[in-house]
Every structure is written in structure tokens, then in C-alpha cells.
Amino acid sequence: NDVIGYAGRGSHARIVFDFDDAMGVSTCVACGECVQACPTGALAPAKEAYQIKADKKVDSVCPYCGVGCQLTYHVKNNKIVRVEGRDGPANKDRLCVKGRFGFDYAHHKQRLTKPLIRKPGAPKSGEFSMDPENWRDVFREATWEEALDLAGGALKGIREQHGPNALAGFGSAKGSNEEAYLFQKLVRTGFQSNNVDHCTRLCHASSVAALLEGVGSGAVSNQVSDVAKAEVIFLIGANPTSNHPVAATWIKNATKRGAKLIVADPRRNDLYRHAWRYLQFKPDMDVAMLNAMIHTIIDEGLVNEEFIRARTHNYEALKENAKEFSPEKMAPLCGIPAETLREVARAFATSKGSMILWGMGISQHVHGTDNARCLIALTLMTGQVGKPGSGLHPLRGQNNVQGASDAGLIPMMFPNYRRVDNPDNHARFEQLWNTKLDNKPGLTVVEIMDAAYDGIIKGMYVMGENPAMSDPDANHARAGLAKLDMLLVQDIFLTETAYLADVVLPASAWPEKTGTVTNTD
């Protein structure tokens, strides 16, 4: 983060933070990279963590964001005492503050360790003030057998009385691929409906829709660290220093090497200091700005004719659409001067390698899919894909949001993005799972909440998801959850959603289990 440096001369030379600021007020983010790099032990973590001799080391992967940093847990008496970065392809030993120091939750005193059942008459309202210490006012402890019998029996009763579409499930992007696969299989084969979803619906679903349509794959074309080989890096609608800190370090490294970083965002973020051009466009004007770049590339003859002819379809339709989007027309709308739009478009089209990275700022719109379509068009018309330092990279948010989607934890797709309403896919999975399956796409996260509020969905199983806190309309979600006849929640803590449950099951935390994840790369 360029925090630590030298100040003074001769015998007065010393190590300082920024401009000789106190560490606490400097730009230090407490990531601990200096601790891991320090060869003398002059820098060390708090509470003498380095002096504790571990019983064992366990290689794992970070449970926080989608970068997928590999790490090593140092364990003493079955408790994690410290964490070090490992030489994984995504991080090369690097970790952020969460990955290095955010491990104590696994041993927290408020971890759920026994199943809980709601007491008869305990208030179940969408409006509540939750105090985790006072859970005994609402719940009583139970055995696993009693909790599973009660929840399973109630869910089965709802299915038999009201039909399969009265049940739904929310899985988790914080679990493993194996857990995601099993959860969606449980909903499809046990609940007998496709009403299963997870947080991807509220993050990159629009990006995936555009990618499947535009390039046939809902995943990235190359890893984040490929920015090291790029001449131009186009970052739009993302704030990697906050949300993907280790990914941000690769971008900073690339700009020091001489890569041109273009940051496009209505809100100024930390990476703008490293930017060659900063496009602070007006909110909601993504399509106007990006189409102005597309227009420029066509107008100035910068398209890759050979790539378009050999590898794309419908270029003429794109060309026709772009006619009305000249930078001069779009400049008043998006707030970026026409010459700047042209300059950025030229740089993107003519570089040896241009790479686009984007986040929620692109996808969380009513026109999120159109935003992503524009980025895909920019890449294809210039041939900026399929070679080093070029391509498309939607930065995935949670540590396994890509893997959970791949594994089928979405309502309209079986595993590997096989449409549930395709007869061949349907027959294949009926044979694989040896049971009858619904051939209609299920409800999404948002639709499930509406259906619960309207009394159509009567039973839910929520695993590792907290819609009472994270839903776009939290009050609406809480009221809907409170109306359910049976809400089964499985988590490591008594979350806001769990507080509304009829049955709560403990879950295993990240360091307590085996499995695999699929990171943003």
C-alpha cells in the first residue's frame, strides 16, 4: 500500500509511515504484509502470536472475498493462533487484513453448537431488536434428532398439503462447491421444486446473463494477475482496494510497470490515484459512456476486422446501433468530455492487451445486463481477448459465488448451467438422480421473498445466507420470513434470519471442514 518508507538523512534516517505520521493515522490498513515480509522480527503481530509454537500447520484458502488467496493456518491446541499467506496463483503469499487476522470467529463464544427450537408463543415478528445473549427467551436447546424430525416433518407436510412450489431454499456462496451441489440437489429432489437460489442473484447475475449470451460462458476469460501483462486496464464499477484488496495489489504493480489504468466510476475510489484517466461519469450513464467508446472505435476505424470476421456474429447490428452514440452527443449525458471518451477508446482499441475488470457498479442496475453487453462488445470488436493481458473479468464477490453458480445453486439451471426447461437436460438429471424433477425454472431470491410475504411460499430452508439483513428491502424480507409456517435456518451464529426461524441448526465454520471452492479466477 506504499505506506512504509524512509525519511531523514544520514544518521537521522529512519523508517516512517507516510509523511512520518503516527501508524494509527497513516494510510496503513493493518494488512500485515510488513509482518510477513520482515526478516528480523522487528515487525510482528499483536499478542505475541509469532512466539506461540504451533502443533500443526493446515493449508487452506481464504473464506472472505472471491480472489481465492491460499493461506496456512497455524494451529495450537486445536485453535488457530495465526495465519500466513501461501504461494498460491491468486495471491503469491499476499493476504489482506481479513485473510491474515480475521480467523477468531471460528472460536467465538456465540457460535451455535446445539440445535434450537422456537418456544411456543415466542413472538415471531418482522420487527425486532435482536440480542444474541437473550436467545433463551425465544428458543430452547434440542437434540439433533428432535430438530431434524420437527423441521423435516413440517417441510414434508407443507409439500404434501400445498405442493412442491410452496417450498424454497437459499444456499450459500460462503460454503464449498460440494455443499452447494448437495443443497440444490436436496431442493430439487426432496422439495421437488426448482425454488433454489443464493446471493449471486443480487450481484453478478446480470453479468452472467450477458456473458452466456455474448461469449457462451458465465466465467472470466483470464485471471486478475494477468493485468501484469496488460497495456491498458479498464476498471469500471468496482472498488478493489476495499473489496478485493489483493487483486488491487496486482493492479498497482501493473501501473508502476507502466500500464495505463482507466478508472470509470461515479464515486472516486483509492485506485484513482494510480489512474492514467479517471472517468467520473454521472450515475446511471454507463451505457451512454460505453456506447460512445464503441462509436469512436467504429468511427475511427480501430476495429479488429480479422477477429470480427473469424470469431463473431452480428457486428453489423452493433455498428448500426452505435451510430447515434457519438461522444459529442453523449458527453452532456455522461459528464465526460468527448475528447476524453475518444482518447480512452483509442487507447483501449490499439493496445497490445486491454483487460476489463468490473463489479457491482456495473451489474446492480435495472440495465445491468446492458452494461455488461457493452463491455463484451468493446472486447470482441477490438479482439481484446484470447491473448495475454486482455479479456473480461467480472470480479466475483464472495469466496465461492462462482462455484455455487457452477454447481447449480440457481433456479433456472442444473449444474454446469444446464437449463432446467431443456428436455435433454431434464431427462439427463432425472436419470442421474433417479427421481422425477420439475421442468419449470424456479423463483429467484427476490421472487421467493415476495411469494413468502404473499403466503405462497410456506416453508424455507436457509443455509449460510442472511436475507433478513442483506435483502434489498430488509423490512419486506423480515415480514415475509415471519409469515412462514416453517423456517429452518442453518448457520454458525444466531443471525437476524435465524432469529425468525422455527428451527435453527448449527453449521461447521470454514476451518472445520474439507471441500473445494472456485474463486473469481
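Conventions and cut-offs
Residues numbered from 1 in each chain as written. Predicted model: local features only at pLDDT ≥ 70, side-chain atom pairs only at ≥ 80, totals over all residues. Heavy atoms only, no water. Phe/Tyr/Trp six-rings, centres within 6.5 Å; stacked < 30°, edge-to-face > 60°. Helix = DSSP H or I, 4+ residues; strand = E, 2+ residues; numbered from the N terminus. Salt bridge = Lys/Arg side-chain N within 4 Å of Asp/Glu carboxyl O. Buried < 20%, exposed > 50% of the residue type's maximum accessible area, 1.4 Å probe, protein only. Pairing = 2+ DSSP bridges. Axes fitted to C-alpha atoms, helices over the stretch in contact; angles between N-to-C directions. Parallel < 35°, antiparallel > 145°, perpendicular 65-115°, else oblique. Left-handed = near helix turned anticlockwise from the far one by under 90°. Contact = heavy atoms within 4.5 Å. Nonpolar A, V, L, I, M, F, W, Y, C, P; charged D, E, K, R; others polar.

Novice: How should the packing of aromatic side chains be read in this particular structure?
Specialist: The description of an aromatic ring pair uses the distance of the two centres, along with the angle that the planes make with each other. Applying the stated criterion to the full structure yields 8 aromatic pairs. Consider the rings of Tyr181 and Trp433, whose centres lie 6.2 Å apart with planes at 65°: the pair is edge-to-face. One end of the pair, Tyr181, is in helix α4 (residues 177–191); the other, Trp433, is in helix α16 (residues 423–433), and 252 residues separate them in sequence. When the ring of Phe234 is compared with that of Phe348, the centres are 6.4 Å apart and the planes differ by 70°; the resulting orientation is edge-to-face.

Novice: What is the right way to read the pattern of salt bridges from this model?
Specialist: If charged atoms from side chains of opposite charge come close, those side chains can pair. Within the structure shown, the criterion is met by 25 salt bridges. Glu324 serves as the salt-bridge partner of Lys329, at 3.2 Å between the closest nitrogen and oxygen. We classify Lys329 as partly exposed; its relative accessible area is 48%.

Novice: I tried to follow the pairing of strand β17 (residues 459–463) on my own but got confused; where do I start?
Specialist: Each regular strand shows side chains that alternate between the opposite faces of the sheet. Most of β17 is tucked away: 5 of the 5 residues are buried. Neither face of β17 is exposed, since Gly459, Tyr461 and Met463 on one face and Met460 and Val462 on the opposite face are all buried. In terms of strand pairing, strand β8 (residues 167–170) meets β17 through 4 bridges, oriented parallel. Bridge pairing links Leu167 to Gly459 in β17. Of the pairings in the sheet, the one linking β17 to strand β18 (residues 486–491) comprises 5 bridges and is parallel in character. Paired with Val462 across the bridge in β18 is Val489.

Novice: Just to check I follow, could you spell out the sheet that holds strand β5 (residues 79–85) for this structure?
Specialist: Paired through backbone hydrogen bonds, the strands of a sheet run either parallel or antiparallel to each other. In spatial order, the strands read β3-β4-β5; together these 3 strands make up an open sheet with antiparallel pairing. A single partner strand is all that each edge strand has here, and the edge strands are β3 (56–61) and β5. Each adjacent strand pair in this sheet contributes to an overall mean axis angle of 30°, direction not counted. Two strands pair when backbone bridges link them, and strand β4 (residues 70–76) and β5 are joined in this way by 6 bridges, in the antiparallel orientation. Bridge pairing in β5 places Thr72 opposite Glu84.

Novice: Can you help me understand the packing of helix α17 (residues 445–453) against helix α19 (residues 474–483) in this one?
Specialist: In helix packing, the relevant descriptors are the interaxial angle and the interaxial distance, both defined with respect to the helix axes. Where α17 meets α19, the axes come as close as 7 Å, and the angle between the chain directions of the two elements is 55°. One way to sum up the angle between α17 and α19 is to call them oblique. The crossing of α17 and α19 is left-handed. The segment α17 lies against α19, with Met449, Asp450, Ala452 and Tyr453 engaging His476, Ala477, Ala479, Gly480, Leu481 and Lys483. Split into classes, the residues belonging to the contact of α17 with α19 amount to 6 nonpolar, 2 polar and 2 charged.

Novice: Would you mind going over unusual backbone geometry with me for this structure?
Specialist: The phi torsion of most residues other than glycine is negative, and most of the peptide bonds are trans. Unlike most non-glycine residues, Asn78 shows phi in positive territory, near 65°. Following the sequence through the fold, Asn78 ends up in the loop between β4 and β5. Positioned with a positive phi, Asn314 is a non-glycine residue whose angle comes to about 65°. For Asn314, the location among the structural elements is in the loop between α9 (305–311) and α10 (315–322).

Novice: Sorry, what's going on with the environment of Asn78 here?
Specialist: For Asn78, a relative accessible area of 64% corresponds to the exposed category. Between the alpha carbons of Asn78 and Lys56 there is a distance of 8.9 Å; along the sequence they are 22 residues apart. In this structure Asn78 touches Lys56 and His107, once residues within four positions along its chain are discounted.

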